[in-house]
Structure formats: structure tokens, C-alpha cells
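Residues per chain are reported as follows:
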Amino acid sequence: MVIRTEALSKKYGKLTAVNSLNLHVEEGEVFGLLGPNGAGKTTLISMLCTILKPTSGKAWVNGFDIVRESSKVRKSIGIVFQQPSVDDLLTGRENLAMHNLLFGVQKSVRKERIDEVLSLVNLEKRADDLVNTYSGGMRRRLELARGIMHHPKILFLDEPTLGLDPQTREHIWEYIVNLAEKMSTTVMLTTHYMEEAEQLCDRIAIIDYGRIVALDSPQELKNKVAGDVVKIKQKNPDMEKIRNLDYVMKAEEKDGLLYLSIKDASKHLQDLLTHTGAIDFVEVRGGTLNDVFLYYTGREIREAEAEGGFWERVMKR
């Protein structure tokens with residue numbers, strides 16, 4: 001395993017951002033972190049990247065202790081955070097050249113690496129312009145190029161494709177998946193795009209209030225929790241009767257609708273409708289990661305994003 005944590009915690013006074021977290025990530029794995037804003041995802045990545053020191057517990061990245069061997073950890077990783085960090089007073093090419101020097105990329109391949117990543121993020125024509133003339137999306141693409149240019153052993157991505165158009169997002173992920181498969185690069189990412197997490201991640205951890213509340217492959221998470229989703233409009237449903245059906249995994253009312261997670265809707269739907277009585281309409285679909293997220297956190301990913309971060313809510317009190 002290339003990432004390992006043991007009871008890793010980070011506290012700010014009485015507030016616990018990461019709470020005694022245990023985690024293993026294997027070499028070449030694309031590992032996703034999902035959770036509401038303020039759940040501890042960015043704090044966890046910041047500790048693993050040696051930007052923040054843990055309050056307690058231990059962690060190893062590429063076999064190096066994040067506290068005692070922080071310089072060795074930094075040489076092993078690439079990182080793209082949510083907040084911009086490229087130098088506005090340099091050109092795009094100069095930013096990448098400086099990064100090459102900082103990470104000791106061999107002189108013989110520096111130009112090739114720069115050209116490679118500029119092409120990847122479609123910035124060749126603007127490479128020699130100052131970054132302060134770039135749009136927000138262009139800066140994001142430059143950050144991504146910088147993070148992968150030195151072919152890191154572990155790549156940390158915090159909302160890496162936020163604000164990018166669908167075509168660029170797809171292009172970026174093709175390259176990242178190729179890194180994971182052909183060079184055994186381990187990728188740890190956070191995202192609010194459920195389709196990214198579902199299609200790209202080998203495993204996903206759902207984090208809430210600093211703890212991992214679920215961890216498995218996307219398909220297994222859906223199999224365990226989501227099942228098939230049935231949406232029913234009905235007046236005064238008998239919730240106790242419905243919940244007692246052995247194929248009903250979860251039942252709740254929201255905005256005048258009844259939402260059910262059931263096992264194998266094709267087999268059980270007819271029987272279900274005999275227990276619900278008269279209905280206005282019924283809709284059936286396969287379970288999604290958003291259903292899993294809702295199950296464990298009580299919110300849909302879009303609702304969690306719209307609420308704002310945990311720290312923002314604390315500051316408003």
C-alpha cells in the first residue's frame with residue numbers, strides 16, 4: 001500500500017476536522033473521497049501532503065512518515081488543490097519550467113514534459129502569455145499540467161476538474177487513468193461530479209464529520225445501499241407497513257413523495273404496489289452513487305455543495 005493512516009486526527013480547538021481515520025490505499029489505485037463540504041476531505045489531503053500536521057495519529061505516504069519524513073513525501077507526490085497557486089507574474093511555460101527545477105526533473109526530458117502537458121490541457125497557444133491574462137478555467141488547466149508533469153508516484157487532486165468544460169474534463173481523466181494503469185501512479189481525488197467518481201474510481205470513501213462512513217467500490221456501494229430506487233406519489237402512505245417488507249432497504253418521505261430503495265425492482269415491484277394502495281404515479285430507476293451519498297449523509301451531493309463549508313457555517317455563528 002502507498003497510503004496508510006492509523007487513527008489520524010486533526011483538531012482546531014474543540015472542532016474535529018478529521019476524526020481518528022484509518023485508511024489504506026493501494027499502488028495504482030484511483031481512490032475517491034466523497035463528502036459534504038466541510039466533511040474533512042481537504043484537511044485529510046492536506047495532512048497527507050505534509051501541509052498540515054496531524055493533531056494525533058500517524059500516516060505514511062509512499063512508505064514515508066508524513067511528519068518525520070515530510071521532504072521525502074513531497075518528492076513522491078503531485079498535487080492540485082482547489083485554491084489557485086500558479087504564479088501570475090510568470091508565463092504558463094515559465095511556471096512549468098520552475099516546477100521542473102523544483103522537482104529535479106532530468107534536463108534531457110524537461111522540454112518534452114512541458115510540451116506534453118501543455119498539449120494535454122490545450123494551452124500550447126497561450127503558453128508564453130503571462131498567467132495574469134488567463135481565464136479561471138485556463139489557470140485550472142495549468143495547475144493540472146503542473147501537478148502531473150513530473151510523473152509523481154502519488155497524485156492528490158482536490159476538485160481537479162471544477163470549472164472545466166466536459167471535453168477538457170474527459171481529456172484530463174483519460175491521461176490520469178493512463179498514468180494509474182501504465183505507471184502505477186496512485187490517485188486520490190475529491191470531486192462533486194458523481195459520474196467521475198463512479199466511472200474512474202476503483203474505490204470510494206464517503207466522509208462525514210471527519211469519519212469514513214462507507215468504503216467500497218462504486219458498484220458494491222450501490223449494491224449494498226441503493227438497490228433500485230422507486231419514487232411514488234401517494235397520499236398518506238403506510239410507512240411502517242412498507243418498511244417491514246423484506247425487500248425494502250430504505251423508505252422515506254420527502255417533498256410529498258415516497259422514495260424507496262428496494263432489492264431487484266423487476267422482481268418485487270408488483271408485490272410492492274399491492275401494499276401501497278392507490279397511487280398517483282410510480283417511477284423506477286437503478287440506484288446511483290448520489291443515492292448512496294444521500295443514505296449515509298442525509299443529503300444529496302448538490303445539496304451538500306450548496307450549503308457551503310463547515311467552517312463557513314461556524315464563522316457565521
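This one's a predicted model, so the numbers in the text were calculated from it and none came from an experiment. (Residues numbered from 1 in each chain as written. Predicted model: local features only at pLDDT ≥ 70, side-chain atom pairs only at ≥ 80, totals over all residues. Heavy atoms only, no water.)

**Overview of the pattern of salt bridges**
Link 1 in the chain: Counted according to the given criterion, the structure contains 15 salt bridges.
Link 2 in the chain: Residue arginine 68 pairs with aspartate 65 through a salt bridge whose shortest N-O separation is 3.9 Å.
Link 3 in the chain: On the accessibility criterion, arginine 68 (65% relative accessible area) is exposed.
Link 4 in the chain: On the basis of relative accessibility, which here comes to 8%, the residue aspartate 65 falls in the buried class. (Salt bridge = Lys/Arg side-chain N within 4 Å of Asp/Glu carboxyl O. Buried < 20%, exposed > 50% of the residue type's maximum accessible area, 1.4 Å probe, protein only.)

**What about helix α3 (residues 92–102)?**
Link 1 in the chain: Of all the positions in α3, only Gly92, Asn95, Leu96, His99 and Asn100 are classed as buried. One side of α3 carries all its buried residues, which in axial view fall inside an arc of 140°.
Link 2 in the chain: Turning to α3, the residues buried within the fold contact α4 (107–120) and α5 (136–148).
Link 3 in the chain: After α3 finishes, the residue glycine 104 shows a positive phi value of roughly 65°. (Helix = DSSP H or I, 4+ residues; strand = E, 2+ residues; numbered from the N terminus. Arc of directions from axis to C-beta. Contact = heavy atoms within 4.5 Å.)

**Here we look at the sheet that holds strand β10 (residues 211–216)**
Link 1 in the chain: Pairing in this open sheet of six strands is mixed, and the strands run β6-β7-β8-β3-β9-β10 from one edge to the other. Of all strands in the sheet, those with a lone pairing partner are β6 (77–80) and β10, marking the two edges. Adjacent strand axes in the sheet meet at a mean angle of 15° when their direction is disregarded.
Link 2 in the chain: Helix α11 (residues 289–297) contacts β3 (30–34), β9 (203–208) and β10 of the sheet and is inclined by roughly 35° relative to β9. (Pairing = 2+ DSSP bridges. Axes fitted to C-alpha atoms, helices over the stretch in contact; angles between N-to-C directions.)

**Details of the nonpolar core**
Link 1 in the chain: One finds Leu96, Leu157 and Ile204 to be the most contacted residues of the largest nonpolar core, which totals 43 residues.
Link 2 in the chain: Here the element with the most residues in this core is helix α6 (residues 166–182); it accounts for six residues.
Link 3 in the chain: Those residues within four positions of leucine 96 in sequence are excluded, and the remaining contacts are Ile114, Val117, Leu118, Leu142, Ala145, Arg146 and Met149.
Link 4 in the chain: Formed by 26 residues, the second largest nonpolar core is a distinct cluster that contains Ile3, Phe31, Met47 and Val73. (Core = buried A, V, L, I, M, F, W, Y, C linked by side-chain atoms within 4.5 Å.)

**Topic: the sheet that holds strand β4 (residues 56–61)**
Pairing between the strands of a sheet comes from backbone hydrogen bonds, and it takes one of two forms, parallel or antiparallel.
Link 1 in the chain: The antiparallel open sheet is built from four strands, whose spatial order is β2-β1-β4-β5. Two strands close off the open sheet at either side, each with one partner strand: β2 (15–25) and β5 (64–65).
Link 2 in the chain: Examined bridge by bridge, strand β1 (residues 3–12) and β4 share five bridges and lie antiparallel to one another. Looking at the pairing, glutamate 6 lines up with lysine 58 of β4.
Link 3 in the chain: Its contacts with the sheet place helix α1 (residues 41–48) against β1, β2 and β4, and it is angled at close to 115° to β1.

**Here we look at the confidence of the model for the protein chain**
The predicted structure's coordinates, where accompanied by low pLDDT, should not be read in detail.
Link 1 in the chain: Averaged over every residue, the pLDDT of the protein chain is 87; residues scoring 70 or more account for 94%.
Link 2 in the chain: Within the model, the stretch residues 306–317 combines pLDDT values under 50 with 14 contacts to residues more than four positions away or in other chains. (pLDDT = per-residue confidence, 0-100.)

**Focus: the environment of leucine 8**
Link 1 in the chain: Looking at the secondary structure, you find leucine 8 in strand β1.
Link 2 in the chain: In this structure, the C-alpha to C-alpha distance between leucine 8 and glutamine 234, residues 226 residues apart in sequence, is 47 Å.
Link 3 in the chain: Setting aside residues no more than four positions away along its own chain, leucine 8 makes contact with Val18, Asn19, Ser20, Leu21, Leu44, Met47, Pro54, Ser56, Gly57, Lys58, Ala59 and Ile66.

**Brief notes about unusual backbone geometry**
Link 1 in the chain: Non-glycine residue asparagine 122 carries a positive phi angle of around 60°.
Link 2 in the chain: Mapped onto the secondary structure, asparagine 122 falls in the loop between α4 and α5.
Link 3 in the chain: For asparagine 122, a relative accessible area of 56% puts it in the exposed group.
Link 4 in the chain: Even without being a glycine, aspartate 264 presents a positive backbone phi close to 50°.
Link 5 in the chain: Looking at where aspartate 264 falls in the secondary structure, it is placed in the loop between β13 (257–262) and α10 (265–276).
Link 6 in the chain: On the basis of relative accessibility, which here comes to 38%, the residue aspartate 264 falls in the partly exposed class.

**What about the side chain of histidine 150?**
Link 1 in the chain: When you line up the elements, histidine 150 lands in the loop between α5 and β7 (154–158).
Link 2 in the chain: Using a relative accessible area of 11% as the deciding quantity, one classes histidine 150 as buried.
Link 3 in the chain: In terms of polar contacts, histidine 150 uses its side chain to reach the backbone carbonyl oxygen of isoleucine 77, at 2.9 Å.
Link 4 in the chain: In this structure the side chain of histidine 150 is engaged in a polar contact, spanning 3.2 Å, whose partner is the side chain of histidine 99. (Polar contact = N/O pair within 3.5 Å; in protein donor to acceptor, adjacent residues only side chain to side chain.)

**A look at the state of the cysteines**
Chemically, a disulfide is nothing more than a covalent bond linking the sulfur atoms of two cysteines.
Link 1 in the chain: The final tally for this structure, using the stated rule, is zero disulfides.
Link 2 in the chain: Distance from the sulfur of cysteine 201, which forms no disulfide, to the nearest cysteine sulfur (cysteine 49) is 16 Å.
Link 3 in the chain: When its relative accessible area of 7% is taken as the criterion, cysteine 201 is described as buried. (Disulfide = S-S within 2.5 Å.)

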